[in-house]
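As a plain string of letters, each chain reads:
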Amino acid sequence: MKDSAPSAPPAPVPRAHESAAPPPASGAEQYPALDFANSALTLPGGQSLDLLATPAAAGEWLAGHGLAPAGAGLQEVCASRLRALRDQVRALIAARVEGRPAPAGALAAVNDALTRAPAARLLRWDPERGLHREASHPVTQIVEHALAALAADTADLLTSPDADRLTACGSSPCTRFLLRHGRRHWCSTRCGDRARAARSYARRTGTATR
């Protein structure tokens, strides 16, 4: 009996966040803090997705944004600190979008994160590069530097002219924020298609909001 042909290797299964997460919202490439705020999202059907849910996922997110080396080996306490700051960043952005005063607790959390890493680039020397300047970034302070960088970017976003363009995605149940361009109030093509379909259905059935 002939040997059977070897079966093809199974196709790789995409990780949940790769297959479910929409592309970054408008403005997220310019402001990592906006992508940080959007790293917890609600998907169609009421499902939720947290791109910082585990230490491995949080480390991958930081590495993808140049805020940590790949394979940094974050612990749960680090991921928890990132998620906690994200909640405060979201609170600040939501307040700005809704025209409310900035929550005192969120302000305190962002300001605390801003002080977690030294701002000065220190003078260093090594045989290959000679004298040069670089930020002090010991491995033990990876998360502190990431928190400080994200807090600084949050402050930059909320005090820039772009803050006037901040808005929440207009397609329920999405909870992401974006920088508005023209009349666009959707964070992705998927959300825009869903919103248009909902409006079309409302018109056909006579359930449009008056």
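Summary of the structure given here. Only a predicted model underlies this, so the values are computations on that prediction, with no experimental measurement involved.

Some words on the overall build of the chain
Counting secondary structure elements, the chain contains seven helices and six strands. In sequence order, the secondary structure elements of the chain are arranged as α-α-β-β-α-α-α-β-β-α-β-β-α. With 210 residues in all, the chain has 36% of them scored as buried. Sequence separation of 24 or more characterises 52% of the internal contacts of the chain that already satisfy a separation of 6 or more. Entry remark: accessible area of the chain is about 12600 Å², with carbon and sulfur atoms responsible for 56%.

Quick word on a nonpolar patch on the surface
A cluster of nonpolar side chains, Leu123, Trp125 and Leu131, forms an exposed patch at the surface whose accessible area comes to about 410 Å². Looking at the element boundaries, Trp125 is found in strand 3 (residues 121-126).

Regarding the pattern of salt bridges
Counting across every chain of the model gives seven salt bridges. The salt bridge partner of Arg83 is Glu76, with a shortest N-O separation of 2.5 Å. On the basis of relative accessible area, Arg83 is assigned to the buried category, the value being 17%. For Asp112, the salt bridge goes to Arg116, with nearest N and O atoms at 3.0 Å.

Remarks on the packing of helix 5 (residues 104-114) against helix 6 (residues 142-158)
Two numbers describe how helix 5 lies on helix 6: the axes approach to 7 Å, and their chain directions differ by 125°. Taken as axis vectors, helix 5 and helix 6 run oblique relative to one another. For the element pair helix 5 and helix 6, the recorded crossing hand is left-handed. Facing helix 5, whose interface residues are Val110, Ala113 and Leu114, helix 6 presents Leu147, Ala148, Ala151 and Ala152. When its residues are assigned to classes, the contact of helix 5 with helix 6 shows seven nonpolar, no polar and no charged.

Looking at the nonpolar core
With 37 residues, the main nonpolar core has Leu34, Phe36, Trp61, Leu62, Leu82 and Ile93 as its most contacted residues. If you list the elements that add at least two residues to this core, you get helix 2 (32-37), helix 3 (55-64), helix 4 (76-98), helix 5, helix 6 and strand 6 (177-179). Per-element tally for this core: the top contributor is helix 4, with eight residues. Aside from chain neighbours lying at most four places away, what touches Leu62 is Leu67, Ala68, Leu74, Leu82 and Ala146. Judged by nonpolar contacts, the second largest core, of seven residues, contains Cys174, Leu178, Cys187 and Cys191.

Looking at helix 4
With 23 residues, helix 4 should cover 33 Å at 1.5 Å per step; its first-to-last C-alpha distance of 33 Å lies within 8% of that length. One or two residues past the end of helix 4 sits Gly99, with phi positive at roughly 70°.

Here we look at the environment of Gly66
Note that Gly66 resides in the loop between helix 3 and helix 4. Through-space distance from the C-alpha of Gly66 to that of Ala146 is 9.1 Å; in sequence the pair is 80 residues apart.

Scoring rules and cut-offs
- Residues numbered from 1 in each chain as written.
- Predicted model: local features only at pLDDT ≥ 70, side-chain atom pairs only at ≥ 80, totals over all residues.
- Heavy atoms only, no water.
- Helix = DSSP H or I, 4+ residues; strand = E, 2+ residues; numbered from the N terminus.
- Buried < 20%, exposed > 50% of the residue type's maximum accessible area, 1.4 Å probe, protein only.
- Contact = heavy atoms within 4.5 Å.
- Areas by Shrake-Rupley, 256 points an atom, 1.4 Å probe, with all protein chains shown as cover.
- Patch = residues over 30% accessible without salt bridge, like charges linked within 9 Å, V, L, I, M, F, W, Y side chains within 5 Å.
- Salt bridge = Lys/Arg side-chain N within 4 Å of Asp/Glu carboxyl O.
- Axes fitted to C-alpha atoms, helices over the stretch in contact; angles between N-to-C directions.
- Parallel < 35°, antiparallel > 145°, perpendicular 65-115°, else oblique.
- Left-handed = near helix turned anticlockwise from the far one by under 90°.
- Nonpolar A, V, L, I, M, F, W, Y, C, P; charged D, E, K, R; others polar.
- Core = buried A, V, L, I, M, F, W, Y, C linked by side-chain atoms within 4.5 Å.
- Expected span 1.5 Å × (residues − 1).

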